[in-house]
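Geometric and topological summary
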Amino acid sequence: MNEFLDCGQIVNTHSIHGEVRIVPWADSPEFLRQFSTLYVDGSPRQAVSCRVHKGSVIVRFAGVDTVEEAMALKGKTVQLRRSDAKLPQGAFFLADIIGLDVVDENGLKLGMLKEVLSPSRQQVYVVAGEREIMVPAVPEFVLETNIEGGYIKVRLIEGM
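What this report covers is the structure whose coordinates are included nearby.

**Considerations on the sheet that holds strand 5 (residues 56-61)**
Strand pairing in a sheet is mediated by backbone hydrogen bonds. Such pairs are either parallel or antiparallel. Spatial strand order, 1-2-5-4-3-6: six strands in a closed barrel with antiparallel pairing. Pairs of neighbouring strands in the sheet enclose a mean axial angle of 45°, with direction left out of account. Here strand 4 (residues 43-53) runs beside strand 5; their pairing, made up of six bridges, is antiparallel. The residue of strand 5 that forms the bridge with Cys50 is Val59.

Take a look at the structure:
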C-alpha cells in the first residue's frame, strides 16, 4: 500500500488572499477537513484554514498569500498521508481495492476490479474478466471485501 493517497485536485484560486479550491476525491468534502497537512508535488503543505464551499474544499496553505502564488498550484494533485487518515471501522480507500480479484459466492474468479464508478449516490464496481460485469456496491451484492486476502466476494443475479 502506498504511503500517500491522491485525495483531490486544485482546480482554481479562491479570493485574493491565496486560497485554492480543491475538488475532493473522497466520499465527502468534509473528509479533507480533518487534515492539517496535505501534500502537493510530494511536499508537505500546512493548511492554515480549510472550509467546504459548494462541494469543494477551500484551503489556504501557509506561505501562499497571494492569488499569484495560489495560481502556481492550479492543476496539481493533492495527496494525504495514509497514516494520518482516520477511517471508520470496516471502511477502506478505493485505491486499496482497485486490482483485487472478484469472486462469486462459490469462489469462482469473475475477473479483477477495474474501476469504481460513482454515477449517483451509489457506487458501481466494474469487473474486467471474460466479460465486463457491473456490480452495485451494496451489501446485497458485495458480500465480502478482503483486502488482505486480495479479493472481493460478490453475489450475481440474472442479467448481471
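Further notes follow.
**Section: the nonpolar core**
One finds Ile10, Val20, Ile22, Leu32, Leu38, Phe61 and Leu80 to be the most contacted residues of the largest nonpolar core, which totals 21 residues. Elements with a contribution of two residues or more to this core: strand 1 (4-14), strand 2 (19-24), strand 3 (37-40), strand 5 and strand 6 (77-81). Sequence-distant contacts of Val20, defined by excluding residues within four places in its chain, comprise Ile10, Asn12, Thr13, His14, Val57, Ile58, Val59, Phe61, Ala70 and Leu73.

**Let's talk about the sheet that holds strand 12 (residues 151-154)**
One open sheet accounts for six strands, arranged 10-9-8-7-12-11; its pairing is mixed. Sheet topology places strand 10 (132-136) and strand 11 (142-146) at the edges, where each strand pairs with a single neighbour. This sheet shows a mean twist of 35° between the axes of neighbouring strands, independent of strand direction. Both strand 9 (residues 124-128) and strand 10 contribute to a ladder of five bridges, which runs antiparallel.

**Quick word on the pattern of salt bridges**
In a structure, side chains of opposite charge can pair up when their charged atoms sit close to one another. Applying the stated criterion across every chain yields a total of nine salt bridges. Linking Asp101 and Lys109 is a salt bridge whose minimum nitrogen-to-oxygen distance equals 3.1 Å. Judged by relative accessible area, Asp101 falls into the partly exposed class, the value being 31%. Arg155 serves as the salt-bridge partner of Glu105, at 3.1 Å between the closest nitrogen and oxygen. Taken together, the residues Glu105 in the loop between strand 7 (101-103) and strand 8 (109-117) and Arg155 in the segment after strand 12 connect sequence positions 50 residues apart.

**Section: the environment of Thr77**
Tracing the sequence through the fold places Thr77 in strand 6. Residue class for Thr77 comes out partly exposed when judged on its relative accessible area of 29%. As a C-alpha pair, Thr77 and Leu156 span 79 residues in sequence and 36 Å in three-dimensional space. Not counting chain neighbours up to four residues away, the residues in contact with Thr77 comprise Asp6, Gly8, Gln9, Trp25, Tyr39, Val40 and Asp41.

**Comments concerning the packing of aromatic side chains**
The full count for this structure, using the stated rule, is two aromatic pairs. Their ring planes at 65° and their centres at 4.7 Å tell us that Phe4 and Tyr39 sit as a pair that is edge-to-face. Linking Phe4 in strand 1 with Tyr39 in strand 3, this pair joins segments that are 35 residues apart in sequence. Here Phe31 and Phe35 contribute two aromatic rings whose centre-to-centre distance is 5.4 Å and whose plane-to-plane angle is 70°, an arrangement assigned as edge-to-face. Taking the relative accessible area as the measure of exposure, Phe35 reaches 5% and is therefore buried.

**Observations regarding the pairing of strand 8**
Here strand 7 pairs with strand 8 via three bridges, running antiparallel. When the bridges of strand 8 are listed, Val102 appears paired with Gly111. Here strand 7 folds back onto strand 8 in antiparallel fashion, the turn holding five residues, of which Gly107 has a positive phi close to 90°. Of the pairings in the sheet, the one linking strand 8 to strand 9 comprises five bridges and is antiparallel in character. Residue pairing in the sheet places Glu115 in a bridge with Val126 of strand 9.

The rules behind the values
- Here the residue index of a chain counts from 1 through its sequence in written order.
- Residue-level local features of this predicted model are given only where pLDDT is at least 70; pairs of side-chain atoms are given and counted only at 80 or more, and the full residue set underlies all totals for whole chains, interfaces and linings.
- The basis for every side-chain value is the complete set of heavy atoms in the structure, and neither hydrogens nor water enter the calculation.
- In this description, strands pair whenever DSSP reports at least two bridges between them.
- The helix and strand labels rest on DSSP assignments: H or I over at least four residues marks a helix, E over at least two residues marks a strand, and numbering proceeds from the N terminus.
- Axis definition: a line fit to C-alpha positions, over the contact stretch in the case of helices; interaxial angles, taken between N-to-C directions, run 0 to 180 degrees.
- Note on terminology: a nonpolar core comprises buried Ala, Val, Leu, Ile, Met, Phe, Trp, Tyr and Cys residues joined through side-chain atoms within 4.5 Å.
- Note on classification: 1.4 Å probe, protein chains only; a residue is buried when its accessible area is under 20% of the maximum for its type, exposed when over 50%, partly exposed between these limits.
- Note on contacts: a residue pair qualifies if any of its non-hydrogen atoms lie within 4.5 Å across the two residues.
- Salt bridges are counted wherever a side-chain nitrogen of Lys or Arg sits within 4 Å of a carboxyl oxygen of Asp or Glu.
- Whether two aromatic rings pair depends on their centres lying within 6.5 Å, for rings of Phe, Tyr and Trp, where Trp uses its six-membered ring; planes under 30 degrees apart make the pair stacked, over 60 edge-to-face, and the rest tilted.

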